[in-house]
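Listed below are the residues making up each chain.
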Amino acid sequence: MCDEVRCTHHQSVVESFFLNEEEKKMKMEKYSSLLFICFLCVIVFCNGIETPQFTVIHTESDFEVRLYRESSWMSAPVREMSFEKATKLGFHRLFQYIQGANLNNSRILMTSPVLTSIVPGAGPLHSSAYFVRFYLPLKFQKTPPLPLPELKLQPDAWTSHCIAVRKFPGFARDHNVIKEAEKLAASLSRTKWANSTSSESNYAYSIAQYNSPFQFKRRVNEVSVDLDGSKVEGCRYNSLASY
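Note that residues are indexed from 1 along each chain, following the sequence as it is written. Given that this is a predicted model, residues contribute local features only at a pLDDT of at least 70 and side-chain atom pairs are listed and counted only at 80 or more, while totals for whole chains, interfaces and linings are drawn from all residues. The basis for every side-chain value is the complete set of non-hydrogen atoms in the structure, without hydrogens or water.

What follows deals with the side chain of Arg166. Think of it this way: any DSSP run of H or I at least four residues long counts as a helix, any run of E at least two long counts as a strand, and we number them from the N terminus. When you line up the elements, Arg166 lands in strand E7 (residues 161-168). Whenever a nitrogen or oxygen atom comes within 3.5 Å of another N or O atom, the pair is scored as a polar contact, on the condition that within protein one atom can donate a hydrogen and the other can accept it, and that pairs from neighbouring residues in sequence are kept only if both atoms are in side chains. Here the side chain of Arg166 touches Glu180 through a polar contact of 2.8 Å, side chain to side chain. Residues count as neighbours in contact if any of their non-hydrogen atoms are within 4.5 Å of one another. Contact partners of Arg166, with chain neighbours within four places excluded, come to Asp62, Phe63, Glu180, Lys183, Leu184, Asn221, Glu222 and Val223.

A few words now on the pattern of salt bridges. The salt bridge definition used is simple: a Lys or Arg side-chain nitrogen within 4 Å of an Asp or Glu carboxyl oxygen. This structure, assessed with the given rule, holds eight salt bridges. Two residues, Glu222 and Arg66, come together in a salt bridge whose shortest N-O distance is 2.7 Å. Note that Glu222 is positioned in strand E9 (residues 221-226) and Arg66 in strand E2 (residues 64-68), a separation of 156 residues in sequence. Each member of the pair Glu222 and Arg66 is classed as buried. Each residue is placed in one exposure class: buried if its accessible area under a 1.4 Å probe, protein chains only, is under 20% of its type's maximum, exposed if it is over 50%, and partly exposed if it falls in between.

So, about the confidence of the model for the protein. The share of residues in the protein with pLDDT of 70 or more is 69%, and the mean pLDDT across the chain is 79. The pLDDT value tells you how sure the predictor is about a given residue, anywhere from 0 up to 100. Scored below 50 in pLDDT, residues 42-47 shows 16 contacts in the model against residues more than four places distant or in partner chains. The low-confidence segment residues 237-243, where pLDDT is below 50, has 26 contacts with residues more than four positions distant or belonging to other chains.

With respect to the secondary-structure elements, Ser75 resides in strand E3 (residues 71-79). Its relative accessible area of 0% is what places Ser75 among the buried residues. Not counting the four nearest positions on each side in its chain, Ser75 is found in contact with Leu94, Phe131, Val132, Arg133, Leu153, Gln154 and Asp156.

This is the structure:
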C-alpha cells in the first residue's frame, strides 16, 4: 500500500515538474515574442527612418508606376507556404543582422518598408518561397556589412527599374494579399501597362508593410509587380537573382 502511495506521489511530482517546465517554456516563448514586437515598434516603426528613393512616372486612380533608383538590400530567402509566417521568419533573421550579427559587428538603423517578395511556386499567390528584404541605409548602400553565415542572408543589388504599385489599408494577411494582387493585375489589364509585367523576373508580387503591429488605424501597405523596362518608357528591366 505504501509503495503504491509513494509511486503515485512520485508520479505526481514528476508530472508537476514537467508541466511546470512546459508552462515556463510557453511563458518564455510568449515573453520573447512580445519583447520582439516591442523592439519592432520602438526601433523599427516609431522613429523617422529611411526609405528607398523613387519617382512617380505615371498615376491611375488605383495604382501608380514608380521608377526606383539603384539601391542595395539584404534578403532573407524563406521556404514557407504562408506569407505571414515567411515574413516573420525572414524578418527575424534580418533583425539579428541589423542588431550586429554581421562580420563588422555594425548596428544598422532600421529602414522602411519591410518588403516580402513572392516567388512563383505552389502556395498562396502560387508561391512556396519568399524573399523578405531590408533596404540598407545610405551609410551602407555602397558597402553592406556581410551577414554571419548562419543567418543565410544574401546581398541584393537593384538596378534602376520600374514597378506598378497599389496601396491598401489594414493588415497584410495571407487571404487579403492575394485579393490585392488580383486587383492590381485587373487594373493593369485595363490600361496601356497591360503587357508590361516583366516575364523575366523571378518574382511574382511584392508586399510592402510600413506600420507598427500596434498601429490599427491609417495603416499603409503596398502590393507591387515589376514592369518590363523594354516596354515602359523611362524604365529598364531589373535583373534579380533566382531563388
